[in-house]
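# Breakdown of the fold
If you want the building blocks of each chain, they are given just below.
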Amino acid sequence: MAAPEERDLTQEQTEKLLQFQDLTGIESMDQCRHTLEQHNWNIEAAVQDRLNEQEGVPSVFNPPPSRPLQVNTADHRIYSYVVSRPQPRGLLGWGYYLIMLPFRFTYYTILDIFRFALRFIRPDPRSRVTDPIGDIVSFMHSFEEKYGRAHPVFYQGTYSQALNDAKRELRFLLVYLHGDDHQDSDEFCRNTLCAPEVISLINTRMLFWACSTNKPEGYRVSQALRENTYPFLAMIMLKDRRMTVVGRLEGLIQPDDLINQLTFIMDANQTYLVSERLEREERNQTQVLRQQQDEAYLASLRADQEKERKKREERERKRRKEEENLQEEKERKLECLPPEPSADDPESVKIIFKLPNDTRVERRFHFSQSLTVIHDFLFSLKESPEKFQIEANFPRRVLPCVPSEEWPNPPTLQEAGLSHTEVLFVQDLTDE
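Everything quoted here is computed from the prediction, not taken from an experiment.

So, how was this worked out
- Residues numbered from 1 in each chain as written.
- Predicted model: local features only at pLDDT ≥ 70, side-chain atom pairs only at ≥ 80, totals over all residues.
- Heavy atoms only, no water.
- Helix = DSSP H or I, 4+ residues; strand = E, 2+ residues; numbered from the N terminus.
- Buried < 20%, exposed > 50% of the residue type's maximum accessible area, 1.4 Å probe, protein only.
- Contact = heavy atoms within 4.5 Å.
- Areas by Shrake-Rupley, 256 points an atom, 1.4 Å probe, with all protein chains shown as cover.
- Pairing = 2+ DSSP bridges.
- Axes fitted to C-alpha atoms, helices over the stretch in contact; angles between N-to-C directions.
- Patch = residues over 30% accessible without salt bridge, like charges linked within 9 Å, V, L, I, M, F, W, Y side chains within 5 Å.
- Salt bridge = Lys/Arg side-chain N within 4 Å of Asp/Glu carboxyl O.
- pLDDT = per-residue confidence, 0-100.
- Core = buried A, V, L, I, M, F, W, Y, C linked by side-chain atoms within 4.5 Å.
- Arc of directions from axis to C-beta.
- Polar contact = N/O pair within 3.5 Å; in protein donor to acceptor, adjacent residues only side chain to side chain.

## Describing the overall build of the chain
What the chain contains, in helices and strands, is 11 helices and 11 strands. The proportion of buried residues among the 432 residues of the chain is 38%. Long-range contacts, defined here as pairs at least 24 residues apart, represent 67% of the contacts in the chain between residues at least 6 apart. Total accessible area on the chain is roughly 26900 Å²; 52% of this is exposed by carbon and sulfur atoms.

Put into structure tokens, the structure is as follows:
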């Protein structure tokens, strides 16, 4: 049984819905249907818009509030081609023309005066663009209702978005402004713009943006391009790093003539696009090279940092190991010390040690004990440096407390000439 949201769909729409879901991978059928309805069930345009969104290009139905690109229209080298209306032929034609001339002059004069006066009473509502996408979609629907669906692919986005895409893709942008009230608009759209050879040329070689000047978005573009008559076409491209109008076609133009004129404009300006492509490719290559150099530098920097980190860790490991070994050695020395003699022992020596940090430590030793015992006692203290020597003042000398070539067996306290009370100084040798 069909789902409720699919009951009102035609067989063709259902097939497009399933095809669009397969192409885009969108799981929500409601979202697929909504997107296709926005694009008037044009599956190619809907898929392209979806791909643009995935590439970071805003959807044409969610235009960013960005400042539009400025288009250079003041270049005096713009190619302009104006098709004038045919002159009357024969006596009857000239007679009709002369009879209608005063009426036409009066009509257009009064119309211009009325429009001029109306501007002071009520501003033109077209001057306020509130829904540019809605203007584009509305024009597309009315165009297809009147002239059919065989037409060039309309750019489904704002004029500013079309300019941005043409600049980014380095393509020609053909702008068509539709004058609803002009007498030549219907014939141009039906016989020229919808001609198969014109459709093929436009679809394969350029972007095509169109809107009615009765719509605010079309009126805004009309104010920028300042057309003189309808039908009006403008060719825009990136030239000298600015979006520039390089061709203007005005008046009722036939399909073959339109193709020739568009081809002439593109051929005359193709070198600018080629030059810009080369410059952009060179900039991209330079950017890629710089990025590769930056990545190589960062990789080398990370490698150096990793080596330095490992070295620090190894130094820290060795330091902790040495501290652990030192602490174990201090504890072992402390455990091996002979007991301290009592104060009333006549063979005892009271020694006061002055450490490098200005602290004082005192302890009793026996005259018969080796100077090594003094060294071991100081070594076991937390306040003592790792390497040190012991000095006496009277006379000033360094006591041989550890075995050496001169003193393989350190002497006893009595042999070293120490008295019953001594003050000895501990000299730090750690940094030497």
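## What about the sheet that holds strand S11 (residues 421–428)?
Strands sit in the order S8-S7-S11-S9-S10 across an open sheet of five strands; the sheet is mixed. Edge positions in the sheet fall to strand S8 (360–366) and strand S10 (397–398), since each has one partner strand and no second. Two strands pair when backbone bridges link them, and strand S7 (residues 348–354) and S8 are joined in this way by seven bridges, in the antiparallel orientation. Residue pairing across strands places isoleucine 351 opposite arginine 363, the latter belonging to S8. Contacts from helix H11 (residues 371–380) reach S7, S8, strand S9 (388–392) and S11 within the one sheet, and its direction differs from that of S9 by about 125°.

## Some words on a nonpolar patch on the surface
Where nonpolar side chains cluster on the molecular surface, the patch consists of Tyr297, Leu298 and Leu301 and spans about 280 Å² of accessible area. Relative to the helices and strands, tyrosine 297 resides in helix H10 (residues 255–336). Judged by relative accessible area, tyrosine 297 falls into the exposed class, the value being 55%.

## Focus on the confidence of the model for the chain
Predicted confidence across the chain gives a mean pLDDT of 83, with 79% of residues reaching 70 or more. Confidence drops under pLDDT 50 across residues 1–7; counting only partners more than four residues distant or on other chains, this segment forms six contacts.

## Focus: the nonpolar core
Judged by nonpolar contacts, the single largest core of 55 residues is most densely connected at Leu173, Val175, Tyr176, Phe188, Trp209, Leu225 and Met235. A per-element tally of this core places strand S5 (residues 232–239) first, with seven residues. Excluding residues within four positions of it along the chain, valine 175 makes contact with Tyr159, Trp209, Val221, Leu225, Phe232, Leu233, Ala234 and Ile236. Among the nonpolar cores identified, the runner-up in size contains 25 residues, and Phe353, Leu378, Cys401 and Ala416 belong to it.

## As for helix H8 (residues 196–205)
Side chains three or four residues apart in an α-helix point the same way, a direct result of the helix having 3.6 residues per turn. The set of residues buried in H8 consists of Val198, Ile199, Leu201 and Ile202. Considered in projection along H8, the buried side chains sweep an arc of 165° and stay on one side of the axis. In this structure, H8 carries Pro196 and Thr204 as exposed residues pointing more than 90 degrees from its buried face. Buried-residue contacts for H8 involve strand S3 (172–178), helix H7 (185–193), strand S4 (206–212) and H10.

## Examining the side chain of threonine 35
Counting through the fold element by element, threonine 35 comes out in helix H2 (residues 29–38). Within polar-contact distance, the side chain of threonine 35 engages the backbone oxygen of glutamine 31 at 2.9 Å. Every residue in contact with threonine 35, bar those within four places of it in the chain, is listed here: Phe20 and Ala46.

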